[in-house]
Structure formats: structure tokens, C-alpha cells
Amino acid sequence: MVDLDKFIADCRAALKTRDPASVVEKLVQDVIADPKGLDAAFAARTRGNSLKDRMVCNDEELTVLQVATAPGLRSPIHNHCMWAVIGVYDGEEHNRFYSDAGPKPEQIGEQLLKVGDICRLTADTIHAIQNPLPTRSSAIHVYGGNLVTREGRSMWNPRSLEREDYEIEQLSRYTRELSELA
Ligand SMILES: [Fe+2]
């Protein structure tokens, strides 16, 4: 089984380096090489399905969580205002990237993450994720800050595409709405 305490300690040590996201990327690469072991480690430490429930570490410096997405799940467009490393270890996670230079967010790129793929997000990344498969997908997400309380984050209303202040419960409601439409 993957040792999540060691993983979190290694991530904390990475925060003290010049380029934490690069170091964390290598750590994520190591743990997703053992998909069964990583899944078992998350199962042993978490209860429930909300984003908060899936967190194994959440403080001002670091958030580590498992993102397990149901078939067809779609998130609204949102930002994080901190770097992130995503490593997929089961299924697929489709990322769409956006620019907020205009009045409405405009798609500027996309990346389909498959098992073993890693995606690094910078502090100014704006994205939306989707599970394109009829099966569950699982990923480990590491953020260089507090994913729940970080100030200044935004999400975009899926109907009007207006920018709104990020609020984790509202993000979950938008996700449920979008996923039922898919
Ligand atoms: Fe995100």
C-alpha cells in the first residue's frame, strides 16, 4: 500500500525547495505507478464523497486529495490561484483550459489525461474537468495551498458564464447540474 503519510511529508519537504511543483510532480509519478496501492491508501483514510471528504491533508500550505469522478462527471470552469499537480491512476480525466481575457471565458486548450499521466497547473490556470468514460476515474490532486479557503478564487456560472466567487458547496451543486446534462 502507498504510504500517504510519507507522501505528505515528502510534499511538505518539497515546499521548501525552489520549485515545489516539479518536485511534487516526481512524487506523484511514483505513487500513481501503484494504482491499487494508492486506491487502498485513500480508502483506508477517507469516508464520503464530497471534495472535503476526500482530502487527506488540508492546511494553508498544502492540500492533497483523491478526486474520484463518476461516469460523465463535469465540473464548472474554475481557477485555484495556486499551483497544482494532478496524476490520474484509473480511467481518464479530460481537462479544458480557458482564458478570462474577454468578457466570457474562452477555451484555449485541452488535455486528456489517461492512467499514468500527470498535469501541472500554474497559479493562473483556469480549467474544467470531465470524466469522458462510462466508468469511474481516479486521480490524486496536490495543491500548493488551502483548496477550501484560498481567497480570491473564481468559478464561472455554467448557465450565464458569469464569474462568481468560488464557493466549494456551490461548485458541487454546479457539478451535479452539469453532470446530469452530460
Ligand atoms: Fe480544478
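What counts, and where the lines are drawn
Residues numbered from 1 in each chain as written. Predicted model: local features only at pLDDT ≥ 70, side-chain atom pairs only at ≥ 80, totals over all residues. Helix = DSSP H or I, 4+ residues; strand = E, 2+ residues; numbered from the N terminus. Contact = placed C-beta atoms within 7 Å. Expected span 1.5 Å × (residues − 1). Buried ≥ 20, exposed ≤ 12 C-beta atoms within 10 Å, placed from the backbone. Arc of directions from axis to C-beta. Core = buried A, V, L, I, M, F, W, Y, C linked by C-beta atoms within 7 Å. Pairing = 2+ DSSP bridges. Axes fitted to C-alpha atoms, helices over the stretch in contact; angles between N-to-C directions.

### Looking at the environment of Asn157
Part 1 of the reasoning: Take Asn157: it is sitting in the loop between β10 (154–156) and β11 (163–165).
Part 2 of the reasoning: Beyond its immediate sequence surroundings of up to four residues, Asn157 is in contact with Glu162 and Glu164.

### What to know about helix α2 (residues 20–32)
Part 1 of the reasoning: With 13 residues, α2 ought to run about 18 Å at 1.5 Å a step, and its terminal C-alpha atoms sit 18 Å apart, in line with that.
Part 2 of the reasoning: Within α2, burial applies to Pro20, Val24, Leu27, Val28, Val31 and Ile32. The buried side chains of α2 occupy one side of the element, clustering within an arc of 125 degrees when seen end-on.
Part 3 of the reasoning: Where α2 is buried, its residues contact α1 (4–15), α3 (35–45), β4 (84–90), β7 (118–121) and β9 (137–143).

### What about α1?
In an α-helix, one turn spans 3.6 residues; hence positions three or four apart end up facing the same way.
Part 1 of the reasoning: A rise of 1.5 Å per residue sets the reference length of α1, with its 12 residues, at 16 Å; its end C-alpha atoms lie 17 Å apart and thus fit the reference within 8%.
Part 2 of the reasoning: Among all positions of α1, only Leu4, Phe7, Cys11 and Ala14 are buried. Along the axis of α1, the buried positions cluster into a sector of 70 degrees, meaning they face one direction only. More than 90 degrees from the buried face of α1, the exposed residues found are Asp5, Lys6, Ala9 and Ala13.
Part 3 of the reasoning: Where the residues of α1 are buried, they touch α2, α3, β1 (55–58), β2 (63–69) and β9.

### Observations concerning unusual backbone geometry
Part 1 of the reasoning: You will see that Cys81, though not glycine, has its phi angle at about 60 degrees, which is positive.
Part 2 of the reasoning: In this structure, Cys81 sits in the loop between β3 (78–79) and β4.
Part 3 of the reasoning: In this structure, Leu161 is a non-glycine residue whose phi angle is positive, near 60 degrees.
Part 4 of the reasoning: Here Leu161 lies in the loop between β10 and β11.

### A look at the environment of Ser50
Part 1 of the reasoning: With respect to the helices and strands, Ser50 occurs in the loop between α3 and β1.
Part 2 of the reasoning: Its 10 C-beta neighbours within 10 Å are what place Ser50 among the exposed residues.
Part 3 of the reasoning: Each C-alpha atom, one on Ser50 and one on His80, is 17 Å from the other, the two residues being 30 residues apart in sequence.

### Quick word on the nonpolar core
As a rule of thumb, nonpolar side chains are buried together in soluble globular proteins.
Part 1 of the reasoning: Membership of the largest hydrophobic core comes to 30 residues, with the highest contact counts inside it found for Cys11, Val28, Val31, Ala84, Ile140 and Val142.
Part 2 of the reasoning: Secondary structure elements with two or more residues in this core: α1, α2, α3, β2, β4, β7 and β9.
Part 3 of the reasoning: Aside from chain neighbours lying at most four places away, what touches Cys11 is Val24, Leu27, Leu62, Val64 and Val142.
Part 4 of the reasoning: Counting residues in hydrophobic clusters, the runner-up holds eight residues, among them Ile77, Met155, Trp156 and Tyr166.

### Observations regarding the sheet that holds β2
Part 1 of the reasoning: If you trace the five strands from one edge of the open sheet to the other, you get β1-β2-β9-β4-β7, paired in antiparallel fashion. Two strands bound the open sheet, and with one partner strand each, they are β1 and β7. In this sheet, adjacent strand axes meet at a mean angle of 20 degrees when their direction is disregarded.
Part 2 of the reasoning: Both β2 and β9 contribute to a ladder of seven bridges, which runs antiparallel. Looking at β9, one finds that Ala68 is bridged to Ser138.

Read these as geometric descriptors, not functional statements.
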